[in-house]
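Observations on the model geometry
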Amino acid sequence: ADDRSEIEALVTAIQIPDPEERLAAIEGIVNVDSFLNLWAGEGIAGLWDGYVANANNYLFYVDSNSGLIEFIPWGADHGLGDQDVVHCTPGNELRTITPRSALSLALYESETFQERLVERIAVLDWYRQVGRHDRRLGSGDGASRRGRRP
């Protein structure tokens, strides 16, 4: 809608005190499943300057079929460095991009959302699943990288 009603509804939803009720309300406004991909992807790629951590480098629109807000990453100019900003393995504490945008902060307070985020990171973080623990070029086993820069 051209009347910004979705944005107003989202502003209202992120202010709901109970985190699980808040999540349920947000799911009626934002495609949370797609947002999980955005969050996990920003973390895996080390994009600390994106929407989740910095409310930056994004666009959004209301999908005409679903009526839900969709986020699009844009201007991913800081990432894929040596800084490991996401780590998620069974039994370990979730460490991901620190949420700083209003929506990511509102979602992160929900234990249900955190569990879904852990699961999504595990699915998308394929390089860890195949034993490639080193983001730099070369072998994942730490073999010599003579002449190569990270």
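Residues numbered from 1 in each chain as written. Predicted model: local features only at pLDDT ≥ 70, side-chain atom pairs only at ≥ 80, totals over all residues. Heavy atoms only, no water.

Thoughts on unusual backbone geometry
Stated formally: Where helices and strands are cited, they refer to DSSP runs of H or I of at least four residues and of E of at least two residues respectively, numbered from the N terminus. Remark: exposure states derive from per-residue accessible area (1.4 Å probe, protein chains only) relative to the maximum for the residue type, with buried under 20%, exposed over 50%, and partly exposed in between.
Here Arg4, not a glycine, exhibits a phi torsion of approximately 65°, which is positive. As for its position among the elements, Arg4 is in the segment before helix H1 (5-13). Under the relative-accessibility criterion, Arg4 is labelled exposed at 58%. The phi angle at Asn57 is positive, at roughly 55°, despite the residue not being glycine. Structurally, Asn57 is set in the loop between helix H4 (51-54) and strand E1 (58-62).

So, the pairing of E1
Defined as follows: Paired strands, in this sense, are two strands between which DSSP finds at least two bridges.
Direction of pairing for E1 relative to strand E2 (residues 69-73): antiparallel, over a ladder of five bridges. Across the sheet, residue Tyr58 finds its bridge partner in E2, namely Pro73.

Regarding the nonpolar core
In plain terms, the rule: Throughout this description, the term nonpolar core refers to a set of buried Ala, Val, Leu, Ile, Met, Phe, Trp, Tyr and Cys residues connected via side-chain atoms within 4.5 Å. Contacts: residue pairs with any heavy atoms within 4.5 Å of one another.
Grouped together as the largest cluster of nonpolar side chains are 22 residues, with contacts concentrated most on Ile26, Val30, Phe35, Phe71, Leu103 and Phe113. When residues of this core are traced back to their parent elements, those giving at least two are H1, helix H2 (19-27), helix H3 (32-44), H4, E2, helix H5 (102-108) and helix H6 (111-124). In terms of residue count, the dominant contributor to this core is H3 (six residues). For Phe71, the residues in contact, after removing those within four places along its chain, are Val30, Phe35, Leu38, Tyr51, Tyr58, Leu59, Phe60 and Leu103.

Here we look at H3
Under the convention used in this document: Expected helix span is given by 1.5 Å per residue-to-residue step, counting one fewer step than there are residues. N or O atoms within 3.5 Å of each other form a polar contact, as long as, within protein, one can give a hydrogen and the other can take it, and as long as residues adjacent in sequence are counted only when both atoms are side-chain atoms.
Look at H3: 18 Å from first C-alpha to last across 13 residues, which is about the 18 Å you get at 1.5 Å a residue. Residues Val32, Phe35, Leu36, Leu38, Trp39, Ala40, Glu42, Gly43 and Ile44 constitute the buried set of H3. Near the N-terminus of H3, the side chain that reaches the backbone nitrogen of Asp33, with its oxygen 3.2 Å away, is that of Asn31. Gly46 sits one or two positions beyond H3 and adopts a positive phi of about 70°.

Digging into a nonpolar patch on the surface
The criterion, for reference: The patches described consist of residues with a relative accessible area above 30% and no salt bridge, like charges being joined within 9 Å and nonpolar side chains (Val, Leu, Ile, Met, Phe, Trp, Tyr) within 5 Å. Note on areas: Shrake-Rupley with a 1.4 Å probe; residue coverage comes only from the protein chains shown. Any carboxyl oxygen of Asp or Glu that lies within 4 Å of a side-chain nitrogen of Lys or Arg is treated as forming a salt bridge with it.
Together, Leu59, Tyr61, Ile72 and Trp74 make up an exposed nonpolar region whose accessible area comes to about 410 Å². Take Trp74: it is sitting in the loop between E2 and H5. Trp74 gets classed as exposed once you look at its relative accessible area, which sits at 54%.

Let's talk about the packing of H3 against H6
Geometrically, a packed helix pair is captured by the angle between its two axes and the distance between the axes. Selection criterion: To get an axis, fit a line to the C-alpha atoms, keeping to the stretch in contact for a helix; angles then go from 0 to 180 degrees between the N-to-C directions. Roughly parallel here means an angle under 35 degrees, roughly antiparallel means over 145, roughly perpendicular means 65 to 115, and every remaining angle is called oblique. Left-handed describes a crossing whose near helix is turned anticlockwise from the far helix by less than a right angle; the clockwise case is right-handed. Classification convention: Asp, Glu, Lys, Arg as charged; Ala, Val, Leu, Ile, Met, Phe, Trp, Tyr, Cys, Pro as nonpolar; all other residues, Gly among them, as polar.
Two elements in contact, H3 and H6, have axes whose closest approach is 9 Å; the angle formed by their N-to-C orientations is 60°. On the basis of their axis angle, the class for H3 and H6 is oblique. H6 is crossed by H3, and the crossing has right-handed handedness. Within the contact between the two elements, H3 uses Val32, Asp33, Phe35, Leu36, Asn37, Trp39, Ala40 and Ile44 and H6 uses Phe113, Arg116, Leu117, Arg120, Ile121 and Leu124. In the contact of H3 with H6, the residues fall into 10 nonpolar, one polar and three charged.

Regarding the confidence of the model for the protein chain
Here is the rule: A residue's pLDDT is the confidence the predictor assigns to it, expressed on a 0 to 100 scale.
With 67% of its residues at a pLDDT of 70 or more, the protein chain shows a mean pLDDT of 77. Under a pLDDT of 50 for its full length, residues 132-150 has, in the predicted model, 27 contacts with residues more than four places off or in other chains.

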